[in-house]
Amino acid sequence: MYNAMNGSAHPLAAKEMQIEAVPGDERVWVPQADNVWFRPLLLNTVQGQWCNLLRVRRAGILSRHLHPAPVHGYVIKGRWKYLEHDWVAETGSYVFEPPGEIHTLTVPDDVPEMITFFNISGCMIYLDADNRQTGLEDVFTKIDMCRRHYDAVGLGADYVDQFIR
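Residues numbered from 1 in each chain as written. Predicted model: local features only at pLDDT ≥ 70, side-chain atom pairs only at ≥ 80, totals over all residues. Heavy atoms only, no water.

A word on the sheet that holds strand β11 (residues 123–127). Adjacent strands of a sheet pair through backbone hydrogen bonds, lying either parallel or antiparallel. The 6 strands lie next to each other as β7-β6-β9-β4-β11-β12, forming an open sheet whose pairing is antiparallel. Looking along the sheet, the strands with just one partner apiece sit at the ends: β7 (88–90) and β12 (133–138). On average, each strand axis in the sheet is inclined to that of its neighbour by 30°, with strand direction left out of account. Sheet topology note: the strand β6 (residues 79–82)/strand β9 (residues 102–107) ladder contains 2 bridges and is antiparallel. Counted as the bridge partner of lysine 81 is threonine 106 from β9. (Pairing = 2+ DSSP bridges. Helix = DSSP H or I, 4+ residues; strand = E, 2+ residues; numbered from the N terminus. Axes fitted to C-alpha atoms, helices over the stretch in contact; angles between N-to-C directions.)

Moving on, we get to the sheet that holds strand β8 (residues 94–97). Spatial strand order, β1-β2-β3-β10-β5-β8: 6 strands in an open sheet with antiparallel pairing. The sheet is open, and its two borders are formed by β1 (30–33) and β8, each paired with just one other strand. Averaged over all adjacent pairs, the angle separating strand axes in this sheet is 25°, with direction ignored. Relative to β8, strand β5 (residues 71–77) is paired through 4 bridges, and the arrangement is antiparallel. Bridging across to β8, glycine 73 finds its partner in valine 95. Against the sheet, helix α1 (residues 139–152) contacts β1, β2 (36–44) and β3 (49–56), and its axis sits at roughly 120° relative to β2. (Contact = heavy atoms within 4.5 Å.)

Examined against the element boundaries, glutamate 113 turns out to sit in the loop between β9 and β10 (114–121). By relative accessible area, glutamate 113 is classed as buried at 12%. At 2.6 Å, the side chain of glutamate 113 and the side chain of lysine 77 are in polar contact. If we skip the residues at most four places from it in the chain, glutamate 113 touches Arg55, Val56, Arg57, Lys77 and Gly78. (Buried < 20%, exposed > 50% of the residue type's maximum accessible area, 1.4 Å probe, protein only. Polar contact = N/O pair within 3.5 Å; in protein donor to acceptor, adjacent residues only side chain to side chain.)

For the rest of this paragraph, the subject is the pattern of salt bridges. Applying the stated criterion across every chain yields a total of 9 salt bridges. When the shortest N-O distance is used, the salt bridge between glutamate 26 and arginine 55 registers 2.8 Å. On the criterion of sequence distance, the pair formed by glutamate 26 in the segment before β1 and arginine 55 in strand β3 is long-range, its members being 29 residues apart. For glutamate 26, a relative accessible area of 41% puts it in the partly exposed group. Residue classification places arginine 55 among the buried residues on the basis of a relative accessible area of 3%. Between aspartate 161 and arginine 147 there is a salt bridge, with its nearest N and O atoms 2.8 Å apart. Placement of aspartate 161 in the segment after α1 and of arginine 147 in helix α1 is noted, with a sequence separation of 14 residues between them. What makes aspartate 161 partly exposed here is its relative accessible area of 37%. (Salt bridge = Lys/Arg side-chain N within 4 Å of Asp/Glu carboxyl O.)

See the structure below:
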């Protein structure tokens, strides 16, 4: 079968995608919290995975959470750290988060903007100081957030469909 395809994808394969990583239209950034947005790149409903750009335009603590599956990150702009670690993720840094680790993302006062690419599998479980669950996000809640936002800003709820596989 592959010999006859001349470089095209298998007929049963998901459609490939190419997404402009940082477009000029601010409406594509979905608000997550005050001065915190994400830009979806891939919303993989089959594997429970999502890839996005996280953008923060303020200093302070963003969230305390854990992931039951691995997370990969690459800092595109600015820097951040986890309160639970001594290292700082700066522009050009790669970060691997093993499953089950609890961490609290913070952005320093002198960073006007941080943008990091994250590849997340499974979900994010938000925790309070006593490790009690306060919230949860997965690929489906991310899709719902995008649909509501894109509809509200005039792009249309189906704008998110281009990122779903």
